Amino acid sequence: MSLLLRKNYLPPLGAGLLLLFFLALMLSEARQKSAHFDETAHLFSGYFMTENSDYRIGTSNLVLSQKLAALPLKSIEINAPSPKLMEACFKADQIHGDEAFILGYDFLNKSGNRSSTLLFLGRLGMIFCSLLAAIAVFLWSKSIFGYGGALLSLSLYVACPSILGIGFVIGADAPANLFFILSAWALWNFLDRITPFSICALGFSCGALALTKMSCLVFIIYAFILLCARVAAGSPVRIGWTKSSLRVMPGRIKILRSVLTFILPVFFLVWTIVWAGYGFRFSAASPDFKGNASLSRAKLENQSGCFEATIKYLLEIRAFPEAYLLDFANLRSLTSSSKSFFLGETRSGGTPSYFPFMLFAKMSVPAFLAILTAIIFSVTDLKYLKSRSFNGDSPRCREKLYQCIPVLLFVAVYMGIAVFQKMNIGHRHILPVFSFLYIFAGYAWDLEKLQSKFSRIFLLLLPASALASALLLHPAHLAYVSPFCGGPYKAYQLFTDSALEWGQELPALEKWLEKNQESFQGQNLYLSYFGSASPSDKLSSVKRLPGYLDPRSDRSCQNTVAEKLKPGVYCISATMLQPSYYTREGAFFPATSFCGEWSEEMDLKYKSMTAPAEALIDAIAEAKSKPEAEHALKKWFMENHPPELSPADSGKYWMEFLAAYDLARFAKLASALRSREADAQVNYSYYIFILDEKELAEILAD
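What comes next concerns the included structure. Computed from a prediction, not measured in an experiment: that's the story for all the values here.

Next up on the list: the overall build of the protein chain. Looking only at helices and strands, one finds 28 helices and 14 strands in the protein chain. Dimensions of the protein chain, computed from C-alpha atoms along their principal axes, come out at roughly 95 × 65 × 50 Å. Within the span of the protein chain, comprising 702 residues, buried residues form 56% of the whole. Pairs at least 24 apart in sequence give 75% of the contacts found in the protein chain among residues at least 6 apart. Carbon and sulfur atoms make up 60% of the accessible area of the protein chain, which totals about 30,500 Å². With 66 positive and 57 negative side-chain charges, the protein chain shows a spacing of 13 Å between the two charge centroids.

Okay, the side chain of Glu505 next. The residue Glu505 is located in the loop between α22 (453–473) and α23 (506–515) in this model. For Glu505, the side chain forms a polar contact with the side chain of Lys33, separated by 2.5 Å. Of the polar contacts made by the side chain of Glu505, one reaches the side chain of Asn683; its length is 3.0 Å. Discounting residues that sit within four places of it in the chain, Glu505 has contacts with Lys33, Ser34, Pro475, Asn683, Ser685 and Tyr686.

Right, let's talk about unusual backbone geometry for a bit. Looking along the chain, the bond that leaves His474 and enters Pro475 is cis, with omega of 5°. Considering the arrangement of structural elements, one finds Pro475 in the loop between α22 and α23. Here Asn683, not a glycine, exhibits a phi torsion of approximately 55°, which is positive. Mapped onto the secondary structure, Asn683 falls in the loop between β13 (680–682) and β14 (686–691).

Let us now look at the state of the cysteines. Within the structure shown, the criterion is met by 0 disulfides. As a non-bridged cysteine, Cys200 has Cys206 as the owner of its nearest cysteine sulfur, 12 Å distant. Cys200 gets classed as partly exposed once you look at its relative accessible area, which sits at 35%.

Turning next to the packing of aromatic side chains. This structure, assessed with the given rule, holds 47 aromatic pairs. Ring geometry for Trp140 against Phe436: centres 5.8 Å apart, planes inclined by 80°, an arrangement best described as edge-to-face. In this pair, Trp140 is assigned in helix α7 (residues 115–158) and Phe436 in helix α21 (residues 431–441), connecting sequence segments 296 residues apart. With 6.0 Å between their ring centres and 65° between their planes, Tyr489 and Tyr687 make a pair best called edge-to-face. Here the residue Tyr489 occupies a position in the loop between α22 and α23, and Tyr687 occupies one in strand β14, the gap between them amounting to 198 residues. Linked through ring pairs, Trp140, Phe180, Trp185, Phe219, Tyr222, Phe410, Tyr414 and Phe436 together constitute an aromatic cluster. Against the face of Phe120 rests Arg31, its NZ or CZ located 3.9 Å from the ring centre. The side chain of Lys400 reaches across the aromatic face of Tyr443, ending 4.4 Å from its centre.

The end-to-end C-alpha distance of helix α11 (residues 216–233), which contains 18 residues, comes to 26 Å, matching closely the 26 Å that a straight helix rising 1.5 Å per residue would cover. Buried residues of α11: Cys216, Val218, Phe219, Tyr222, Leu226, Leu227, Arg230 and Val231, and no others. In the segment just after α11, Gly234 is the residue with positive phi, at about 80°.

What follows covers helix α15 (residues 322–329). Burial runs high along α15: 8 of the 8 residues are buried. What α15 keeps buried is the set Glu322, Ala323, Tyr324, Leu325, Leu326, Asp327, Phe328 and Ala329.

On the surface, Tyr9, Leu13, Leu17 and Leu20 cluster together to form a nonpolar patch covering roughly 450 Å² of accessible area. You can see Leu20 is positioned in helix α2 (residues 10–32).

Time to look at the sheet that holds strand β8 (residues 524–528). Pairing in this open sheet of 5 strands is mixed, and the strands run β9-β8-β10-β14-β13 from one edge to the other. Where the open sheet ends on each side, the last strands, each with one partner, are β9 (543–544) and β13. Sheet analysis places β8 next to strand β10 (residues 568–573), joined by 5 bridges and oriented parallel. Along β10, the bridge assignment pairs Tyr526 with Tyr570.

Parameters at a glance
- Residues numbered from 1 in each chain as written.
- Predicted model: local features only at pLDDT ≥ 70, side-chain atom pairs only at ≥ 80, totals over all residues.
- Heavy atoms only, no water.
- Helix = DSSP H or I, 4+ residues; strand = E, 2+ residues; numbered from the N terminus.
- Buried < 20%, exposed > 50% of the residue type's maximum accessible area, 1.4 Å probe, protein only.
- Contact = heavy atoms within 4.5 Å.
- Areas by Shrake-Rupley, 256 points an atom, 1.4 Å probe, with all protein chains shown as cover.
- Lys, Arg positive; Asp, Glu negative; His and termini not counted.
- Charge placed at Lys NZ, Arg CZ, Asp CG, Glu CD.
- Polar contact = N/O pair within 3.5 Å; in protein donor to acceptor, adjacent residues only side chain to side chain.
- Disulfide = S-S within 2.5 Å.
- Phe/Tyr/Trp six-rings, centres within 6.5 Å; stacked < 30°, edge-to-face > 60°.
- Lys NZ or Arg CZ within 6 Å of the ring centre and 35° of its normal.
- Expected span 1.5 Å × (residues − 1).
- Patch = residues over 30% accessible without salt bridge, like charges linked within 9 Å, V, L, I, M, F, W, Y side chains within 5 Å.
- Salt bridge = Lys/Arg side-chain N within 4 Å of Asp/Glu carboxyl O.
- Pairing = 2+ DSSP bridges.

Now the structure itself:
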């Protein structure tokens, strides 16, 4: 193996082939998926920013990733959303955040644009970032472990189910992954050798990170700890304009003084890049775009603390752009308590075990074994160094361990902060940790420790099996779950949301229904959809069960099935199968919720709603058979209006009541379906249940 690696052209050739493999899988998957939940909002926000230089329609994910997604859209002709809808959004006094989803839905599905084309073009920027991250992983690993370790690191990265499943999704995750790698590597080089190049590399990479995702704040903590570790190590820092003119600065005090002096131009670069990202303008509103609505500051005003006080002060002195600071003002609400499903339980808020478990469950077996081998080898080297004193040159293992400090420290800091986060809705929030672990996995390529033929075959099988498993799982990488945790088929029993089913598998469901249409001829088809896209015409005949999120103006009555459920084929999103998003909004029923396992209290509530709901359903069916259906239904509303309401509100009340009943009925149905095996599944994201009249009646019996 070592002879092969010594041939100069083979390692770069191997790396190139791995990158082509990665690119092919990413492009293929990007072509096959419908919009992931956040993509509609991110893509439209980027389009709106680039077209109007206006930053009021945002997603609290800063601007760089959204602008990257929007750049390829300039290559085609695009229709803007409905002018009336745009006017309605900007007519209000303040913009709160939902506008990105409402306008994004119209932009992709109602404006005459081909949504699949827009999504694919928008995803190209994310794929580019993921590809650059793969190159960075390879080069950093090569600088520590040589070509052998670098090829192992790259193989694990390009075959990683999490990278393949998230790396093309329009959002901040793929760019943040890239800029965390570049920033950490640039910082480590800066702490070793301070030159104009290292200053610029650190400034530009950190500036890009600061424009990408609010988790960039983690890097500040990481940088401080790494600086302390570097000063404590006491290795001299080199300073100069070029490599040939480097001057050695020994001693901890001199090292600290040098770093603090030359970090100032880095801060200036980051600050300048942030301003450049917003067009060097403080106001979020463009003077050339109509609309008086301003960004809401309600969340900032309603919260008190050091963080909020700092944001207010920075706004007062205009230290950063308004939209940038107000995105950070939303940080507390974004990371605060939210509903999530984890290990069979619907939780309000997070749990410290979520992200460590997700890291293990989403790690492929070959990657896990490679990282485990790297840990064993590094511990062995550490013990070897401690047991001996060296009078001459330091052994190679000492340098490897030293160069692993920034890699392992990043994993420790990032995961240490992640375990305290309350937003447990997907492993995408720890995506950079996978990349750093794959860099460290290059440590496993140590031919001195792998003397036997068996051990070397084992080492070669790791990347080969990782690549093979990536091909076998394609195109359902997001749904991957380690065999140690039960595999992907029952993944919905472990977690949901962006860790599993994020609305991306509508095309796969359409193909499955088309393939099996003869089997279901004449049967009723039902769909519970989680996402922000719009099911295509192929699913127009499918009756929509309660889902989340349907960005319409009247969300209280979204997807209401105004009839009795019938035997047929029930297609349930894996996320909607679990009781995390069973909520409705409405004026008369503002807090309708059936989240959590089905309880006796929920059952009593459902039973109390059944009789009046079925009476209303019968009235709707009867009214439809009459020439003046609307008049007949209004008459029923007037005759049955609650005494505490005026007759004028009766119609709205009963439609909201029907929506609440529909949600209760679906919650009861899903509770029963979770306890039985599905009749089929589509990419581990949709579960198909074929219910006959007897089984359906038993489930819904009151």
